[in-house]
Amino acid sequence: MNGTRIAAVGHYQPAKVLTNKDLAGLVDTSDEWITSRVGIRTRHIAGPDEPVDELAAHAAAKALAAAGLTPGDIDLVLVATSTAIDRSPNMAARVAARLGIPSPAAMDVNVVCAGFTHALATADHAVRAGAATRALVIGADKMSEVTDWSDRTTCVLVGDGAGAAVVEAAAEPGIGPVLWGSVPEMGNAVRIEGTPPRFAQEGQSVYRWATTQLPPIARKACEKAGLTPADLAGVVLHQANLRIIEPLAEKIGAVNAVVARDVVQSGNTSAASIPLAFSKLVEQGAIRTGDPVLLFGFGGNLSYAGQVVRCP
């Protein structure tokens, strides 16, 4: 086998939906204020009895079922998350226990909003190197648990959820080379810190960085896959803010691509946002099997990671 592929995807969101009207009853805001600035209309919020690993396990179970696999077929579990409250056991071990995966390597990947694309690249490398046979790659975050619900600049942004992908060996590469990096000196622009931990960001700095610095990097990710942006059938960017997604997608030059806009319904779900939005596009039939899709994560640490994948 010369490469890897995504065999299947799955996603999960909690049942509770929080609308902009609901938020207007909590803080000084309005539907017009929120939609005009970030494009979000609704978001899903997990309850106190719905931990991150439960969200992750639901999404992973759906991906396994879609791939026609059992938990015993998996020997590597990677969970991208930045909202794990406990240090041990990690989320990957907890998900493996929930699903009954017998003896996997189990690792968490904390690169915040770029976590899933980092984890996907890690799984690709592990399988191609022969260190794993099949991997579950999950992005899951419970942002509601690290949010100050009295701060209207951040509470309007966040949502909870999970998305997952099954990665396995393939005769032809279905996961392109990753292009990743960071701007550590600007890492404080997005933060989840303190006791209790709270999400904060410098919105204007992130907006300027994402819309000006990231387009050429995303185009290079396409070049590494041997494609041009015009070849893409889909673009799934981190679902941070519609005012970032739309200009960034336009500047990349993916003129023929379906652009994921799940942020409108789901808000910013951090590491969950890319697999969640990707899985929905697959489920809706908006992209077809074999289509080239750019996945591009960016955010916390001012990290970024992107690769072109073939739609399962």
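As shown above, the structure is provided for reference.
In this report, the structure presented in the accompanying data block is examined. (Residues numbered from 1 in each chain as written. Predicted model: local features only at pLDDT ≥ 70, side-chain atom pairs only at ≥ 80, totals over all residues. Heavy atoms only, no water.)

1. Examining the packing of helix 7 (residues 203-224) against helix 8 (residues 242-252)
Across the interface, helix 7 lies against helix 8 with an axial gap of 9 Å and an inter-helix angle of 30 degrees. With respect to their mutual orientation, helix 7 and helix 8 come out roughly parallel. For the pair helix 7 and helix 8, the sense of crossing is right-handed. Residues Val206, Tyr207, Ala210, Thr211, Leu214, Pro215, Ala218 and Arg219 of helix 7 pack against Arg243, Ile244, Pro247, Leu248, Lys251 and Ile252 of helix 8. (Axes fitted to C-alpha atoms, helices over the stretch in contact; angles between N-to-C directions. Helix = DSSP H or I, 4+ residues; strand = E, 2+ residues; numbered from the N terminus. Parallel < 35°, antiparallel > 145°, perpendicular 65-115°, else oblique. Left-handed = near helix turned anticlockwise from the far one by under 90°. Contact = heavy atoms within 4.5 Å.)

2. A few points about the sheet that holds strand 13 (residues 292-299)
Strands pair in a sheet through their backbones, by hydrogen bonds, and they do so in one of two ways: parallel or antiparallel. Taken together, the five strands give an open sheet; going across it, the order is 8-14-13-11-12, and neighbouring strands pair in mixed fashion. Every interior strand has two partners, whereas the edge strands, strand 8 (179-182) and strand 12 (258-259), have only one. The pairing of strand 8 with strand 14 (residues 303-310) spans four bridges and is classified as antiparallel. Residue pairing in the sheet places Ser182 in a bridge with Ser303 of strand 14. The sheet contacts of helix 5 (residues 115-128) involve strand 8, strand 13 and strand 14, and relative to strand 14 the element is tilted by about 55 degrees. (Pairing = 2+ DSSP bridges.)

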